[in-house]
Every structure is written in structure tokens, then in C-alpha cells.
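Commentary on secondary and tertiary structure
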Amino acid sequence: MIILKNQLGMEQLNIVKSLAERSGVSFETAKILYSRGIDTVAKVKRFLAPGKQHFLSPMLFKGMAEAVERITAARDMGETVVIYGDYDADGVCATAILYYALKEFGIEANTVIPERADGYGLSEKLIDEVMEQYNPDLIITVDCGISGYREVEYIQDLGVDIIVTDHHELPEILPQCITVNCKFRDQEYEFDSLCGAGVAFKLATALIGKKAERYLDFAALATVADSMPLIDENRDIVVEGTRLIRSANARTAFKALIEAAKVREITSTALAYSLAPRINAAGRMGDAASALRLFLSDTPSEIFDLAALLNKYNIERQVECDALYASAKSKLLEKGADKRVIVLEDSEWKNGLVGIVAAKLVEEFTRPVIMFVNKDGVLHGSARSVEEINILDAIIQNKEFLEEFGGHSQAAGVTVRIENLNAFEEGLNKYISERYGDEVFVPKQEIEDYIEDEFSISFARELARLEPFGTGNKKPLFALEVDRINPAPLKDGSPHVSFKTDHIDMIYFGGAQYEKLLRAPVKKTLVFEPNLSSFGGRESLRGYVKNFEVEVVKSRDLGLDVFAKNLRNLRKTGGGDTAEYLTSLEIAAVIEEALSCPYGTLFVVSTLKTLEYYPRLKHLPVHLNEPRYKNLSNCIVLALTGGDISGFKRVVFLDNPLYEAKRIKGKEVCVNADVSVRDMLPSVDATREGVGAVFTLLRSRDGFKATCSFDLYAGGIAEAAQISRYQLIFAAEVLEELGIIRYENGRMRYDKTVKSDLASSKIYSNISGRN
């Protein structure tokens, strides 16, 4: 579903107009900024000029003065200090920031990074190891500790002081120690969305002042890696950090990572999708310490070796994730994806990877997903959610079934015993079903605006000023409506296609699989992001297609296209008919049963006229040729010709198609035998003379630009020869089936060597038999 974000009233549009004039930006850009809460001239100027000049004082944090005082005492008394971090990119970067800051401050700290096998946060087992190895006087946590009040007490009982620095949500019981967290409401520091490394940077600034700015490269990487919103101070951190990483004096560790990842341009996107996964891969593969060594080493050869190791881990992680995804998908389809939340468990899965796969399943199925790793009956899980659903709230409402939990609105960790899993799943499903409406579970894509004029390079340049893009400041997407387009592969065999529109030239990566749908004679809405590139001093602008929707409404051209597809279906054969042929009354009962669950039923029609018989289904989306949503929600497909329908439990043909429904195996299939598609087809001249007239015409037009029978009609052949459009489509489909004509390289070709009897055509035999 495409959603227009900027549906502004007249009063708001007047504000936008004034904002544009007073800020020196275009009306279109001002509208985008306004929709993102940048609604004053001061806010616009601040947003368009991010940087360290906007940094807030670290002393606005509650607990910061006490933390500085205790760390200063540790330095002055020569105490042993341990930094206790976390195994993800945020935790590793936060540890590096504080290590370097303390070194500058005069403390040679020791560092501890738990591995995933140790569990998240403080643990008594690891604390004992720290005590035995370092016998510290002071432990400072980064990116963890706020939920560990028991472990803090344990440390204090051992006679050790502790400072907790964290950014996670505040639990009901806080640790009784010096604590620095951006989430406190009763403090002067008001920005609550720093990552753990962001909080560590603030502590570093409190200790060593502006010298801490040399560590903004770590803070920038952590901010995007932890999916923090790129607004306010996070925006300043990422801008300054990427500037450091781009500079000639960039840290050797970043140079090595960039080389290993083959990154061409340093942007927030490159940090998020190229560098961060390599740091996270170390923790996911059980060697988070190697990522920290990369950042702390001062030996170039070791640094480049470690970058290569992290690159290797990332490749291994990708392979394992692919296997885990396949396993999870198989389990899901076997179990059935018929609830508002997906809960899966397996004893063979890896803790470090389930979160990645859960996020992928959320994107595919548009609902929360929790994946558990079963260890001797105790299940440790990672939860991920769609944007509108606060999964942590849902978990809290069912905490009586859990051993422990924690996290954010979109991601959480959960531990449950196997005997409580079903009750937990049912409780989650009940809470989410009752609290959230159907619209939350529909795949959606927000756009800034519909494009009606040419997309200008000057507008694209202005949009580039909104960078860095990421969570909380997504790259602007736009939409434009087109009819028939002619995609062409970027090169022979390429899965990517390009095509022109009246507004902007397009590239669709992976779009070759949708080529027939893109060519279909129906209105399409393309969602794209503008991409401005420069080569040899020349700028070029193209739209990168991210998605598209097809508007399936009655039209003469769509009727012709569907007619052609119905004819082609006559060529399909198969054995072992397993479909159940029902009356209209029986189909009505099937529909009611199917609609009791929002997932799992695919309704199929061969013509749009069929839908007139089913007002009960008018709320369902109608797709052309294949289901466009992957989330297995109930939907209607007109002229089913392909797509992945493996996850649907039931396929209901609302009319009796020309082909045998037995082709669909492994699921419940039923057909309305009372509604005949054959009777709804337009009349054509199914005689040898009727087909012969079209044959004579097409033979004379050998080489005509066309890729299918519909192109022949669109090209005006039928009109010029005074042949009805349906007659042209019918005869051309027959001639193609017989091999007399074919389509290659965008042209229709007549093969004079082929001699074939009309009776051998299944299309001709079926239609002539009807007449």
C-alpha cells in the first residue's frame, strides 16, 4: 500500500510556503521538512547545517558530574579500571571511545567484551572472571547495565565501585550506583535517542573536552549500526563522524574496513550496510573481541589482518543466515502463518543470527516475529516488529510466562521455558489482535509526493542536503503513475531493467522478474528514490524503483490482456485433478470460513466480471497475475499466471477457469463450477477463414515491433486491417501456439517453414468447440 505522507490542509500549506520563502529552499523541500517536524526557520537552518557546533553539554546529564568525580579519583589514586562493554557494534564502539578517552585522561583501562554465549549485559560468571583477572577498583559499563541491578549489587558486595552508562529503556528497578543514561526524564539533557557509544562520547567529552571529537568516527558508526534516529544530536554525530572517516587522516581501522568492504563512497548508508555488519559479524560468530582489537590496535599489519578476518566472518554470517532463513521459512509454512505474531523455535539455530532472520521475516510477513533458540528446554529469543507495533509492550503484558526480557519497541530479547511457550504465543496474539487494526498488517510504503512534472536535477541537489539518511530521516521516496512501459535489461541476461518515463529515467534493480507485469496495459504506480550521480564532471539523474503497485480496474486494454492470458491457459495441461468442484452456495460457505482468518487464502478470478458475484470480498486487494504482497494475507488475483503461492493453505477459484485447477498441488483447491469463464469470453470467429485473415495480415508484417499478441493490437494492426481486437488476439495466440509466429528481440517473426494443422492447437480446438 502506498501512503502519501504530506496530506496537508490549506493552513499548513501556507505555513510551508512561508517556511520555504524565509529559509531559502523550494516549496517541495519545505513540505518534506515540515512533514518531518522541521516546522520553523530555526529548525530548518539547524537541520540543514548539522555539526559539532550544536553539541549539547555533557554536564546536562544526570549523574555525569558524579561520574567525572569518581573517574578523576580513580586516576589520582592509581586505581585499576575495567570498561565492560557489549558484543554488538554499538558496544564495541562505545568501549573503544571510552578506552581512548580514559587513556587521554591518564588511565590505562582494561577492556572486557562479553561474547554472545555469555549473554547480554552484566553476568555474575563474567564478573567473577573480571575480578580474578584484573581485581578492579572501578568498573564502568558502556551500552549495558541499566537492567542489571542484581549484578550491580553483586559487584558492590565484592567491594568494587561501578558506574553504569547506558541508553536502553529504564527498568522498574534501577541499579543503585552512579548512572548516566539519556533516557532519564528528570535531567536537563533532553535528547533521549543516543546510542550506547553516543553516551560514551558524552562521558568522554566531560572528561577530556573537545579532544573527544577525534572519536566521533566510532560514535557515527555505532549510531547507524544501532538504528538510532538520525535527528538532532545523532545527526550532528554522524555528519562529523563520516567527515572524519572520509578524511585523509582517517583511522587505519576504518581504512582497512573500507578496503575489505569495497566501499566507494562514505555515507550513512555505507556505514549501516557495509561497515556495521562486519563489526556485528564478529559478535555473531562468537569473536566480538576481534572487532575491539581492530579498533584498539596500533599495528597496521594486525589491523588489516583483523579487517580481513571480520570480512570473512561476515561472509560466513551471510551463508549461515541464508540457511537459517530457509529453515525458519520452512517451519513457518509447515506450522501455518495464520496469527498476528509469528513465533518459531529450534534447537539448532544460532543465537547471534536469529535477530537478523527475524527482521527479514518481519519485512516479508508484515507482523512481529520472535525466533527462539531452544537450549535444554529454556528458549532464548529475539523479537522484531513492524513500525506501528510496540513489541516490548506486548511482551510486558505477557511477562508472567517469561523468565526475563528487555529491549525496545521494535526489538527485544526474551527468555521463556518451553512449557510456557504456547501460552506466551497465544497471549501475544490476543493482545496484538485486540490492540491493532487490520491496516497495521498491510505492507506499506510512505512517499513524500506524487510526481506530475519532470523531476529536476536542482530538486535532487536540494534533497541531497537532507543527508545523512537512515532511521528517523529516511531517504525521500516519490511516486508517479504510468501506463504501459517498455523495460529493457541493462545488458543481456541482467536481472535489472531500465526504462523511460515522461518524468525521469528509471532503473529497477531485480525488476526483470516483473517485466511482463510492467508491460501490462494497466495503470501502475512506481515508487522510486531519486539518485543523483556525477561522472566526468557531468551530473545525471535517475530514479531507482523500490516497488510498484498495479491498479486492477475495468478497462478495454486490461480486458484484452486478460483475454490473451485466458487463451494461453488453454495450453496448460496436467494430470490428477485434486480440486473440489462446488456450487455457488458451497463456495459462499468456503468464503465465510476463509475470512474468519486474515491469512492463508488466495482467491482467483479469470475475469473482473466474476467479482460482481462476490460483494463479500470487495474489501480484499485485487492483484494482477500474482500475489503482490508476500505476507500471505487473503487477497484476490486476476488471471493467475505465476508468483510464489507456496505459503497459502487454500486456493479458491471463484469461477471455473479454462485450465484445470489440478495444476496446483499440495493445498486445498476448490472451484466454483457454477460460474463458467468460457461463457464470459467475447465471441470470435473460430473458423479457418477467421484465423486465416489474421495469418495473412501478420505474415505481411514480419518484423513488427511486438513482444506478445497485445502489442500487435496496441501497434494498430487490427484497426488498420479492420479486424476486431479480440479476433486479432485470438488468432495471434493460436498462431504462436502452432509456432507459425514467434516473438524474439522485441519483434514478431513469421516462420514460413512451419506447417501445422489448426486442429493441433488447444486454443483453437477449445474455442471452436465452444462455438
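Residues numbered from 1 in each chain as written. Predicted model: local features only at pLDDT ≥ 70, side-chain atom pairs only at ≥ 80, totals over all residues. Heavy atoms only, no water.

Turning next to the overall build of the protein chain. The helix and strand tally for the protein chain stands at 26 helices and 27 strands. Expressed as lengths along the three principal axes of its C-alpha atoms, the size of the protein chain is roughly 105 × 65 × 55 Å. Per-residue burial over the protein chain gives 54% buried out of 771 residues. For the protein chain, the share of sequence-separated contacts (at least 6 apart) that also reach a separation of at least 24 residues comes to 67%. Total accessible area computed for the protein chain in this model is approximately 34,500 Å², and 47% of it derives from carbon and sulfur atoms. Side-chain charges in the protein chain split into 93 positive and 112 negative, and the spacing between the mean points of these groups amounts to 8 Å. (Helix = DSSP H or I, 4+ residues; strand = E, 2+ residues; numbered from the N terminus. Buried < 20%, exposed > 50% of the residue type's maximum accessible area, 1.4 Å probe, protein only. Contact = heavy atoms within 4.5 Å. Areas by Shrake-Rupley, 256 points an atom, 1.4 Å probe, with all protein chains shown as cover. Lys, Arg positive; Asp, Glu negative; His and termini not counted. Charge placed at Lys NZ, Arg CZ, Asp CG, Glu CD.)

Time to look at the packing of aromatic side chains. In this structure the tally under the stated criterion is 20 aromatic pairs. Through pairs of rings, three or more aromatic residues link up here, namely Tyr 99, Tyr 100, Tyr 215, Phe 218, Phe 254 and Phe 295. Directly above the aromatic system of Tyr 100 lies the positively charged group of Arg 251, at a separation of 5.6 Å from the ring centroid. (Phe/Tyr/Trp six-rings, centres within 6.5 Å; stacked < 30°, edge-to-face > 60°. Lys NZ or Arg CZ within 6 Å of the ring centre and 35° of its normal.)

Next up on the list: unusual backbone geometry. The bulk of non-glycine residues show a negative phi, and the bulk of peptide bonds are trans. Going from Glu 467 to Pro 468, the amide bond is cis rather than trans, its omega being 5°. Counting through the fold element by element, Pro 468 comes out in the loop between helix H18 (457-464) and strand E14 (478-482). Despite not being glycine, Asp 232 shows a phi value in the positive range, around 50°. For Asp 232, the location among the structural elements is in helix H10 (residues 232-246).

On to the sheet that holds strand E17 (residues 506-508), then. Read across the open sheet, the seven strands follow the order E13-E14-E18-E19-E17-E16-E15; overall the sheet is mixed. Edge positions in the sheet fall to strand E13 (449-450) and strand E15 (488-489), since each has one partner strand and no second. Direction of pairing for E14 relative to strand E18 (residues 523-535): antiparallel, over a ladder of five bridges. The partner of Phe 478 across the bridge, within E18, is Phe 528. (Pairing = 2+ DSSP bridges.)

It is worth spelling out the nonpolar core at this point. Among the nonpolar cores identified, the biggest contains 84 residues, and Ile 71, Leu 102, Ile 279, Leu 294 and Phe 295 are the most heavily contacted of them. Broken down by element, this core gets its largest block of residues, twelve residues, from helix H5 (residues 89-105). In this structure, Met 506, Leu 526, Val 550 and Leu 558 belong to the second largest nonpolar core, which totals 64 residues. (Core = buried A, V, L, I, M, F, W, Y, C linked by side-chain atoms within 4.5 Å.)

Another point: the pairing of strand E10 (residues 402-407). Where E10 lies against strand E11 (residues 411-417), five bridges are found, and the strand directions are antiparallel. Considered in E11, the bridge of Gly 407 is made with Ala 412. Counting the residues that bridge the hairpin from E10 to E11 gives three residues.

What follows deals with the packing of helix H11 (residues 252-261) against helix H12 (residues 268-284). As a packed pair, H11 and H12 sit with axes 10 Å apart at the nearest point and diverge in direction by 105°. Taken as axis vectors, H11 and H12 run roughly perpendicular relative to one another. Between H11 and H12, the residues in contact are Phe 254, Leu 257, Ile 258, Ala 260 and Ala 261 and Ser 274, Leu 275, Arg 278 and Ile 279, respectively. For the contact of H11 with H12, the per-class residue count stands at seven nonpolar, one polar and one charged. (Axes fitted to C-alpha atoms, helices over the stretch in contact; angles between N-to-C directions. Parallel < 35°, antiparallel > 145°, perpendicular 65-115°, else oblique. Nonpolar A, V, L, I, M, F, W, Y, C, P; charged D, E, K, R; others polar.)

Turning next to the sheet that holds strand E25 (residues 668-672). Spatial ordering of the open sheet is given by E20-E25-E24-E21-E23-E22, a layout of six strands whose pairing is parallel. Only two strands of the sheet have a single neighbouring strand rather than two, namely strand E20 (580-582) and strand E22 (622-624). Taking each pair of neighbouring strands and ignoring which way they run, the sheet shows an average axis angle of 25°. In the sheet, strand E21 (residues 601-605) pairs with strand E24 (residues 650-653) via four bridges, with the strands oriented parallel. Looking at E24, one finds that Phe 603 is bridged to Val 652.

Together, Glu 28, Glu 452, Asp 453, Glu 454, Glu 481, Asp 483 and Glu 551 make up a negatively charged patch on the protein surface. Considering the arrangement of structural elements, one finds Asp 453 in the loop between E13 and H18. (Patch = residues over 30% accessible without salt bridge, like charges linked within 9 Å, V, L, I, M, F, W, Y side chains within 5 Å. Salt bridge = Lys/Arg side-chain N within 4 Å of Asp/Glu carboxyl O.)

Any two side chains of opposite charge can pair, given that their charged atoms come close. Tallied over the full model, the rule gives 44 salt bridges. As a salt-bridge pair, Lys 210 and Glu 213 come within 4.0 Å of each other at their nearest N and O atoms. Judged by its relative accessible area of 68%, Lys 210 falls in the exposed class. Where Lys 565 meets Asp 561, a salt bridge forms, and the shortest distance between an N and an O atom there is 2.5 Å. Pair noted here: Lys 565 and Asp 561 are both in helix H20 (residues 556-569), with a separation of four residues, about one helical turn. Taken together, the shared-partner salt bridges in this structure form one network comprising Lys 5, Arg 36 and Glu 448.

Attention now goes to the packing of helix H1 (residues 10-23) against helix H2 (residues 27-35). Viewed as axis vectors pointing N to C, H1 and H2 meet at an angle of 115°, and their least axial separation amounts to 8 Å. Of the two elements, H1 crosses H2, and the hand of that crossing is right-handed. Between H1, through Gln 12, Leu 13, Ile 15, Val 16, Lys 17, Leu 19 and Ala 20, and H2, the contact on the second element is made entirely by Phe 27, Ala 30, Lys 31 and Tyr 34. Looking at the contact of H1 with H2, its residues break down into eight nonpolar, one polar and two charged. (Left-handed = near helix turned anticlockwise from the far one by under 90°.)

Here we take up helix H17 (residues 421-435). With 15 residues, H17 should reach 21 Å at 1.5 Å per residue; the first-to-last C-alpha distance of 21 Å fits that figure. Of all the positions in H17, only Leu 421, Phe 424, Glu 425, Gly 427, Leu 428, Asn 429, Tyr 431 and Ile 432 are classed as buried. (Expected span 1.5 Å × (residues − 1).)

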